[in-house]
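# Inside the fold
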Amino acid sequence: MSLFFLFFLVSGFCSLVFQVVWLRLAMAQFGVTTPLVSIFLAVFMAGLAIGSWAAGRWTAATPDRSPGRMLRAWALVELLLGLSAFVVPPALERGGELLRGAAGSGWASGSHYLASGAWVTLVLLPFCLGMGATFPLVMAAVRTGWAARAGRSFSYLYVANVAGALLGTLASAYLLIENFGLRRTLILAAGLNFTIALVAGLRSLGRDLRQRTAESADDATRQVAGEAAPGGFGLPLLLLTTGLVSMAMEVVWLRQFTPFLGTEVYAFANVLAVYLAATVAGALACRSLGRRLSPGRFRQVAAALWVLAAPLALLPLVGADFSRAFPSPWLRVAFGIAPLCAALGFLTPMLVDRWSGGDPRRAGAAYAVNALGCILGPLLAGFVLLPRAGATAVLVLLA
């Protein structure tokens, strides 16, 4: 299991390096605007949602659910992600050339955003699908090979993935891009993806994994089947809501904090870094309290966080407006968004663990529902709410 944690840490690192660099490349071709950020985030999260759902369905439908087969599938996905470093930059450049050469496509017009959004989707979506597929594939390997750890495997992998994403955001924004440039930064991340693919592929051929039979997989299925929450729309609705509100707020936060953090690209990286750091803290607290508290007490803690979520969502109003209290831009961002992000970092993996009980198909569907909210949030904020109301009013509405 520690090897899975390390792999997901590195995979999360690479994914956010790709995200930060891809955003810069897209802005260079299609404009540095809030609607473009909204489109980019929506495409990114759409890939995660569809990939997670499809991979979860595939793990349930395939006859061979051995951990070796799941690891080989994961290795292929990581190989695909590494190849993105050589495909995405020239493809985005080509899209920019075509758009600039098209007659009647006004800059920042509706037709411009439609065309640029279609091209960004065409280029990025296949690789975002691969990122979304990783959770169900590795959970399927854990479920059949390490059944005793399967019940809360999503939150375990989630901590590693988000921690890696935090490191990737900071490294790409402040170290890699400045020293190596955009293209070389992508190639460095691709090398890590290729390494994961190689090691996972070799690990899938190990004798101990080959000896795990379909019967043991069925035993694991029966073991965790009773741990999942019953059907219904309650938990999926909560997951949809957390995704929608958090990502819609991220667009609003960019509008609020860009004047203090510099250009929108750097503001995105800074806001994302605080967002991820607080999410890691919340997810670690979820893992720790889940082991130490009784189920009833743990649910009481979660209920308290739900009650606090709305007032915590209003803290950016204080952080952005009271410059004397927070002279440092980082302090303004941390005070404004970290408490809510930590609460959501606690609640999201808890809900997925509760809904799935370690079943990769249910976990893939739950993560997809959360990602669907993450798709709707930026589009709602960037194209509907912010054009019609100020950032303060939108934030109050989301709270």
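All of these numbers come straight from a predicted model, not from anything done at the bench.

### Topic: the overall build of the chain
Across its full length, the chain carries 14 helices and 0 strands. Each helix and strand of the chain, ordered N terminal to C terminal, gives the series α-α-α-α-α-α-α-α-α-α-α-α-α-α. Burial analysis of the chain (399 residues in total) assigns 57% to the buried set. Contacts in the chain between residues far apart in sequence, at least 24 positions, make up 84% of those at least 6 positions apart. Carbon together with sulfur atoms contributes 67% to the accessible area of the chain, which is approximately 16100 Å² in total.

### So, the packing of aromatic side chains
Under the defined criterion, the tally for this structure stands at 12 aromatic pairs. Joined through ring pairs, the aromatic side chains of Phe4, Phe7, Phe8, Trp74, Phe135 and Tyr367 make up one cluster. We note Arg362 situated over the ring of Trp355; from NZ or CZ to the ring centre the distance is 4.3 Å.

### Quick notes on the packing of helix H1 (residues 2-30) against helix H3 (residues 67-101)
It is at 9 Å that the axes of H1 and H3 come closest, and there the two elements cross at 10°. Taken together, the axes of H1 and H3 are roughly parallel relative to one another. Looking at the contact of H1 with H3 residue by residue, the classes come out as 16 nonpolar, 5 polar and 4 charged.

### Quick notes on the nonpolar core
Core analysis: the largest hydrophobic core is formed by 132 residues, its most contacted members being Phe4, Trp22, Trp74, Leu124 and Trp253. Filtering out sequence-adjacent residues up to four positions away, Leu124 remains in contact with Trp22, Phe40, Val43 and Val88.

### Brief notes about the packing of helix H12 (residues 329-356) against helix H13 (residues 360-385)
In contact at an axis separation of 8 Å, H12 and H13 are set at 145° when each is read in the N-to-C sense. Classified by chirality, the crossing of H13 by H12 is right-handed. Residues Thr348, Val352, Trp355 and Ser356 of H12 form the contact with H13, whose own contacting residues are Arg362, Ala363, Ala366 and Asn370. Its residues assigned to classes, the contact of H12 with H13 comprises 4 nonpolar, 3 polar and 1 charged.

### Things to note about the environment of Gly168
Along the chain, Gly168 turns up in helix H5 (residues 153-204). Distance in space between the C-alpha atoms of Gly168 and Ser11 is 9.5 Å, their sequence separation being 157 residues. Residues within four places of Gly168 in sequence aside, it is in contact with Phe13, Leu16 and Val17.

### Structural notes on the pattern of salt bridges
Under the criterion given, the structure shown has 2 salt bridges. Residue Glu93 pairs with Arg183 through a salt bridge whose shortest N-O separation is 2.6 Å. Of this pair, Glu93 sits in helix H3 while Arg183 sits in helix H5; the two residues are 90 residues apart in sequence, bridging distant segments of the chain. For Glu93, a relative accessible area of 33% gives the class partly exposed. A salt bridge links Glu97 to Arg94; the shortest N-O distance between them is 3.4 Å.

### Here we look at H1
For H1, built from 29 residues, the straight-helix expectation of 42 Å at 1.5 Å per residue is met to within 8% by its first-to-last C-alpha distance of 41 Å. Among the 29 residues of H1, 22 are classified as buried, and the element is accordingly described as predominantly covered. With its phi angle positive at about 115°, Gly31 sits one or two positions after the end of H1.

What counts, and at which threshold
Residues numbered from 1 in each chain as written. Predicted model: local features only at pLDDT ≥ 70, side-chain atom pairs only at ≥ 80, totals over all residues. Heavy atoms only, no water. Helix = DSSP H or I, 4+ residues; strand = E, 2+ residues; numbered from the N terminus. Buried < 20%, exposed > 50% of the residue type's maximum accessible area, 1.4 Å probe, protein only. Contact = heavy atoms within 4.5 Å. Areas by Shrake-Rupley, 256 points an atom, 1.4 Å probe, with all protein chains shown as cover. Phe/Tyr/Trp six-rings, centres within 6.5 Å; stacked < 30°, edge-to-face > 60°. Lys NZ or Arg CZ within 6 Å of the ring centre and 35° of its normal. Axes fitted to C-alpha atoms, helices over the stretch in contact; angles between N-to-C directions. Parallel < 35°, antiparallel > 145°, perpendicular 65-115°, else oblique. Nonpolar A, V, L, I, M, F, W, Y, C, P; charged D, E, K, R; others polar. Core = buried A, V, L, I, M, F, W, Y, C linked by side-chain atoms within 4.5 Å. Left-handed = near helix turned anticlockwise from the far one by under 90°. Salt bridge = Lys/Arg side-chain N within 4 Å of Asp/Glu carboxyl O. Expected span 1.5 Å × (residues − 1).

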